[in-house]
Amino acid sequence: MNRPADAHPRPALHTETSQNRTLTMQLMPEALARVHMQERMQEAERERLLRAVQLRRRAERASLRARRALAAVVL
C-alpha cells in the first residue's frame, strides 16, 4: 500500500523554514538597533555641520566688527 507523495509534508522542509523564521526573528532586534544607530549618527553629523556653519558665521561677523573698529581708530 503506497501513500501519495504529498500525503505528509516533508519534515525537513518544515524544520528548515521554521529555523529560518526563528533566526530572522532573533536577528530583528539587531537589525533595528543597527538602523537606529545609523539614523542617530546621521543626525549627529547634520548637527555637527550646522554648528560648524554657525561658528563660521559668528567668526566672520567678529572679524568684520574688528576691521570696522580698526578702521575707525585709524581714521
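In the block above lies the structure referred to throughout.
Before going into details, it helps to say that this report is about the structure given with it. Note that the structure is a prediction, hence the values are computed from the model and not measured.

The next thing to look at is the overall build of the chain. Helix and strand counts for the chain come out as one helix and zero strands. A burial count over the chain gives 0% of its 75 residues as buried.

Summed over all chains, the structure comprises two salt bridges. For Glu 30, the salt bridge goes to Arg 34, with nearest N and O atoms at 2.8 Å. Of this pair, Glu 30 and Arg 34 are both found in helix H1 (residues 11-74), four residues apart, which corresponds to roughly one turn of the helix. Of the residues examined, Glu 30 reaches a relative accessible area of 44% and is grouped as partly exposed. As a salt-bridge pair, Glu 45 and Arg 48 come within 2.7 Å of each other at their nearest N and O atoms. On the criterion of helical spacing, the pair formed by Glu 45 and Arg 48 is a turn pair, its members being three residues apart in helix H1. In this structure Glu 45 comes out as partly exposed when scored by relative accessible area, which is 35%. Owing to a relative accessible area of 48%, Arg 48 belongs among the partly exposed residues under this scheme.

A surface patch of positive charge is lined by Arg 51, Arg 56, Arg 57, Arg 58, Arg 61 and Arg 65. Mapped onto the elements of the fold, Arg 61 is located in helix H1.

Reading the values: rules and limits
- Residues numbered from 1 in each chain as written.
- Predicted model: local features only at pLDDT ≥ 70, side-chain atom pairs only at ≥ 80, totals over all residues.
- Heavy atoms only, no water.
- Helix = DSSP H or I, 4+ residues; strand = E, 2+ residues; numbered from the N terminus.
- Buried < 20%, exposed > 50% of the residue type's maximum accessible area, 1.4 Å probe, protein only.
- Salt bridge = Lys/Arg side-chain N within 4 Å of Asp/Glu carboxyl O.
- Patch = residues over 30% accessible without salt bridge, like charges linked within 9 Å, V, L, I, M, F, W, Y side chains within 5 Å.
- Areas by Shrake-Rupley, 256 points an atom, 1.4 Å probe, with all protein chains shown as cover.
- Lys, Arg positive; Asp, Glu negative; His and termini not counted.
- Charge placed at Lys NZ, Arg CZ, Asp CG, Glu CD.

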